[in-house]
Amino acid sequence: MKRIWITLVILVITVLAALLLWKNVNRTSALSPRAFALDNPSAVNRIFFSSNNAKAGYLIFEKKAGRWTVTDGKSTFNADTASIHDLLFWVMAKNEVYSPVPDASKDLVTKDISISGVKAIFYNGKSELKTIYAGGPTPNQEMTYMYLPGTERPSIIHIPGHTGYLSPYFKTSIDQWRSLAMLDAGPEDIEKVLVLWPQNAEDGFEIRREEGSVKMYTLEGTAVNARQTLLEAYMEVFRNVNHEAGDQAGVNRNSKARDSLLASTPFFRVKLFLKGKQPPVELNIYRMQKDDPSLSAMKGAESLQVYETEQFWANLTGSREIWVMQDVVLKNRMKRLKDFIR
């Protein structure tokens, strides 16, 4: 009799284990590995990010004439195309479901996504292609929690071959998505370049497109017999003139220091007169003083003397924002009249 009961208990345990295994297997296979992925990311021309945290706001990305813009409802900027391409053609094209979230952490992960997750909707025109909710990293920081509307629980998402979570690609901070370009114009778009050296006026010049050719003049309007190849090359250097990546410089948070800098005279200024656009795009460059508290507080500032890398303050006329630019970015743009003389 005792053996019969032992046999029955073992049988019941075996059946229950089989049922549990069957349930888990079916739960795991309920979603295809590519349930969260975009099949055709190149079709996306509008993206909507909305944080479940109301204070974090929302972002709308739109692609028009091959260029992306980003807005938070208050400001609109050119977007960083490279970052959006990473989102679409890497994160959204290659992500896969690693596994559903297990029962033990289901409620906690669901709550976390509902409080601080980001809803991401990808459109082609008005047609919705994919909607997901992006959450935080897994405890080992190697994968990401996400939720697909209509499913029973969140999933653990990864990109095969990549170790790391994907949450940073779904931030709703507009500064993270803005283009780094202070200037971004091809020679075909430029009608005139005006270069000013306020402390050395004789170094200034302007280059114009006239009757299909490029011509150079002094600031007084005297034609200059300049090397044509150099003039043509100079018209090419205003694509993707970028400031340093990262958050805005700390000087922007000190209104007194910011206003004082903007009220001063830049040591270099370049104006681009673009076809069909008024007024011109005007970049102002200011020197950083070595004892500038804003500079000394910058991360990595101690490396400036070691590597002899000079940095400058940069500002676009009409904006109150100040950015940091490196001499390696500016050296081919900060030309003087004598650099073009035959």
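Residues numbered from 1 in each chain as written. Predicted model: local features only at pLDDT ≥ 70, side-chain atom pairs only at ≥ 80, totals over all residues. Heavy atoms only, no water.

Let us now look at the overall build of the chain. Check the secondary structure of the chain and you find nine helices and 19 strands. Burial statistics for the chain: of 342 residues in total, 40% are counted as buried. Contacts spanning at least 24 positions in sequence make up 62% of the contacts within the chain whose residues lie at least 6 apart. As displayed, the chain has an accessible area near 19,700 Å², and 52% of this comes from carbon and sulfur atoms. (Helix = DSSP H or I, 4+ residues; strand = E, 2+ residues; numbered from the N terminus. Buried < 20%, exposed > 50% of the residue type's maximum accessible area, 1.4 Å probe, protein only. Contact = heavy atoms within 4.5 Å. Areas by Shrake-Rupley, 256 points an atom, 1.4 Å probe, with all protein chains shown as cover.)

By volume, the largest pocket is sized at about 1,100 Å³. In terms of lining, the largest pocket is formed by 35 residues, of which the most central are Asn 78, Ala 181, Met 182, Leu 183 and Asp 184. The set of elements that each furnish at least two residues to the lining of the largest pocket consists of strand 3 (67–71), strand 4 (76–78), strand 10 (181–183), strand 16 (268–274) and strand 17 (281–287). In the lining of the largest pocket, the residues fall into 15 nonpolar, 11 polar and nine charged. (1 Å grid on protein atoms, 1.4 Å probe; cavity = no way out; pocket = protein on both sides within 12 Å on 5 of 7 lines; lining within 4 Å. Points joined across faces, edges and corners; volume = space filled by probe spheres on them. Nonpolar A, V, L, I, M, F, W, Y, C, P; charged D, E, K, R; others polar.)

Next up on the list: the sheet that holds strand 6 (residues 118–124). The sheet built from nine strands is open, its strands ordered 4-3-2-1-6-7-8-9-5 with antiparallel pairing. Looking along the sheet, the strands with just one partner apiece sit at the ends: strand 4 and strand 5 (96–100). Strand-to-strand twist across the sheet, computed as the mean angle between neighbouring axes with direction ignored, equals 30°. Here helix 2 (residues 81–94) sits on the sheet in contact with strand 1 (46–51), strand 2 (58–64), strand 3, strand 5, strand 6, strand 7 (127–137) and strand 9 (155–158), set at roughly 85° to strand 1. (Pairing = 2+ DSSP bridges. Axes fitted to C-alpha atoms, helices over the stretch in contact; angles between N-to-C directions.)

Strand order in the open sheet made by the eight strands is 14-13-12-11-16-17-18-19, with antiparallel pairing throughout. If you trace the sheet from one side to the other, it starts and ends with strand 14 (223–224) and strand 19 (323–326), each paired once. Bridge count between strand 18 (residues 311–316) and strand 19: four bridges; the pairing is antiparallel. Paired with Phe 312 across the bridge in strand 19 is Met 325.

A word on the side chain of Gln 311. If you trace the backbone, Gln 311 turns up in strand 18. Note on Gln 311: relative accessible area 9%, which makes it buried.

Geometry of an aromatic ring pair is reported as the spacing of the ring centres plus the angle between the planes. Applying the stated rule across the entire model yields 14 aromatic pairs. Centroid distance Tyr 234 to Phe 340: 5.5 Å. Interplanar angle 80°. Geometry classified as edge-to-face. A residue pair is termed long-range when its members are at least 10 positions apart, and Tyr 234 in helix 5 (residues 228–234) and Phe 340 in the segment after helix 9 (327–330) qualify at 106 residues. For Tyr 234, a relative accessible area of 2% translates into the label buried. A residue is classified by how much of its surface remains accessible, and Phe 340, at 2% relative accessible area, is buried. Grouped by ring-pair contacts, the aromatic residues Phe 49, Phe 61, Phe 170 and Trp 177 constitute a single cluster. (Phe/Tyr/Trp six-rings, centres within 6.5 Å; stacked < 30°, edge-to-face > 60°.)

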